[in-house]
Amino acid sequence: MRRALDRLYDGCAALAACFMVGLLVAVLLSVIGRQLHFNIPGIDAYAGYLMAGAGFLALAHTLKRGEHIRVTLLIGRLQGTSQRAMELWALFAASLLALLAAFYSVRLAWQSYSFHDISTANDATPLWIPQLSMALGTAVLAIAFLDELVLEARGKRLPAMPEEATRNE
């Protein structure tokens, strides 16, 4: 099960990277088009879709690598069972919020599909297509938070340390 979950997180991260490359191509085409006086209809909208998709698809992988911002002011001062209880509570609350976000993201994409909702930009893209990346990203984030919650409850959660040293800015 662990390998399948890790492959899911890595697969979404790889898809996010592909979206980032697509975003680069879209922005470059837009810039070149302005310089050479040609227009690709909807290129700005597609760049926005790709940017949003990249962000949502990378959420779970970022969480599992310990790269999300954590406010440890309170939990860092606790010790032992109170610290563990606070970790469990925080992961439970985050799991609930992630499940809500996933539910409503999937619902939004489904409603856009059902109502044949299209973009108001000049590309007239069916909105459920770019919304799929948001739905997938939030669903995988919810799975990742539930994964962290179960690992913490079983006492097998290792605090993920980012590869880069902590820094103050």
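Preceding this paragraph is the structure being described.
So, how was this worked out
- Residues numbered from 1 in each chain as written.
- Predicted model: local features only at pLDDT ≥ 70, side-chain atom pairs only at ≥ 80, totals over all residues.
- Heavy atoms only, no water.
- Helix = DSSP H or I, 4+ residues; strand = E, 2+ residues; numbered from the N terminus.
- Rg over C-alpha atoms; globule rule 2.2 N^0.38 Å.
- Buried < 20%, exposed > 50% of the residue type's maximum accessible area, 1.4 Å probe, protein only.
- Contact = heavy atoms within 4.5 Å.
- Areas by Shrake-Rupley, 256 points an atom, 1.4 Å probe, with all protein chains shown as cover.
- Lys, Arg positive; Asp, Glu negative; His and termini not counted.
- Charge placed at Lys NZ, Arg CZ, Asp CG, Glu CD.
- Salt bridge = Lys/Arg side-chain N within 4 Å of Asp/Glu carboxyl O.
- Expected span 1.5 Å × (residues − 1).
- Axes fitted to C-alpha atoms, helices over the stretch in contact; angles between N-to-C directions.
- Left-handed = near helix turned anticlockwise from the far one by under 90°.
- Nonpolar A, V, L, I, M, F, W, Y, C, P; charged D, E, K, R; others polar.
- Phe/Tyr/Trp six-rings, centres within 6.5 Å; stacked < 30°, edge-to-face > 60°.

What follows is about the overall build of the protein chain. Counting its regular elements, the protein chain contains five helices and zero strands. Along the protein chain, helices (α) and strands (β) appear in the sequence α-α-α-α-α when read from the amino end. Here the protein chain has a C-alpha radius of gyration of 19 Å; the compact-globule value for 169 residues is 15 Å, and the former is much larger. With respect to the three principal axes, the spread of C-alpha positions in the protein chain is 65 × 40 × 30 Å. Sorting the 169 residues of the protein chain into buried and exposed places 31% on the buried side. Pairs at least 24 residues apart make up 76% of the contacts formed inside the protein chain by residues separated by at least 6 positions. When the accessible area of the protein chain is evaluated, it comes to approximately 11400 Å², of which 68% is carbon and sulfur surface. Of the charged side chains in the protein chain, 14 are positive and 13 negative; the average position of the first set lies 8 Å away from that of the second.

Right, let's talk about the pattern of salt bridges for a bit. By the definition in use, this model includes six salt bridges. A salt bridge links Arg-2 to Asp-6; the shortest N-O distance between them is 3.4 Å. Of this pair, Arg-2 and Asp-6 both sit in helix α1 (residues 2–35), four residues apart, which is roughly one turn of the helix. On the basis of relative accessibility, which here comes to 31%, the residue Asp-6 falls in the partly exposed class. Of the charged contacts in the structure, one is a salt bridge between Arg-2 and Asp-147, with a shortest N-O distance of 2.5 Å. Of this pair, Arg-2 sits in helix α1 while Asp-147 sits in helix α5 (residues 128–153), and the two are 145 residues apart along the sequence.

Quick reminder: α-helices carry 3.6 residues per turn. Residues three or four places apart thus point the same way. Between its terminal C-alpha atoms helix α4 (residues 80–114) stretches 51 Å, which fits the 51 Å expected from 35 residues at 1.5 Å a residue. Three or more residues of α4 are buried, namely Glu-87, Leu-91, Ala-94, Ser-95, Ala-98, Ala-102, Ser-105, Ala-109 and Ser-112. Remark: His-116 follows α4 within two positions and exhibits a positive phi of approximately 55°.

So, about unusual backbone geometry. Even without being a glycine, His-37 presents a positive backbone phi close to 60°. Along the chain, the position of His-37 falls in the loop between α1 and α2 (43–57). Unusually for a residue other than glycine, His-116 sits at a positive phi of about 55°. Along the chain, His-116 falls in the loop between α4 and α5. According to the relative accessible area criterion, His-116 is exposed, its value standing at 67%.

A separate point is the packing of α1 against α5. Contact pair α1 / α5: the axes reach a minimum separation of 11 Å and the direction vectors enclose 145°. As for the relative orientation of α1 and α5, their crossing is left-handed in sense. Within the contact between the two elements, α1 uses Arg-2, Leu-5, Leu-8, Tyr-9, Cys-12, Leu-15 and Phe-19 and α5 uses Ser-133, Leu-136, Val-140, Ile-143, Ala-144, Asp-147 and Leu-151. Taken together, the residues of the contact of α1 with α5 sort by class into eleven nonpolar, one polar and two charged.

Another aspect to go through is the packing of aromatic side chains. According to the stated counting rule, one finds four aromatic pairs in the structure shown. Considering the side-chain rings of Phe-103 and Tyr-104, the 5.0 Å spacing of their centres and the 85° angle between planes classify their relative orientation as edge-to-face. Phe-103 gets classed as partly exposed once you look at its relative accessible area, which sits at 47%. Accessibility expressed as a relative area gives 48% for Tyr-104, which makes it partly exposed. Taken together, the ring pairs in this structure connect Trp-110, Tyr-113 and Trp-128 into an aromatic cluster.

This next bit is on the side chain of Ser-105. Within the secondary structure layout, Ser-105 lies in helix α4. Setting aside residues up to four positions removed in sequence, Ser-105 forms contacts with Met-134, Ala-135 and Thr-138.

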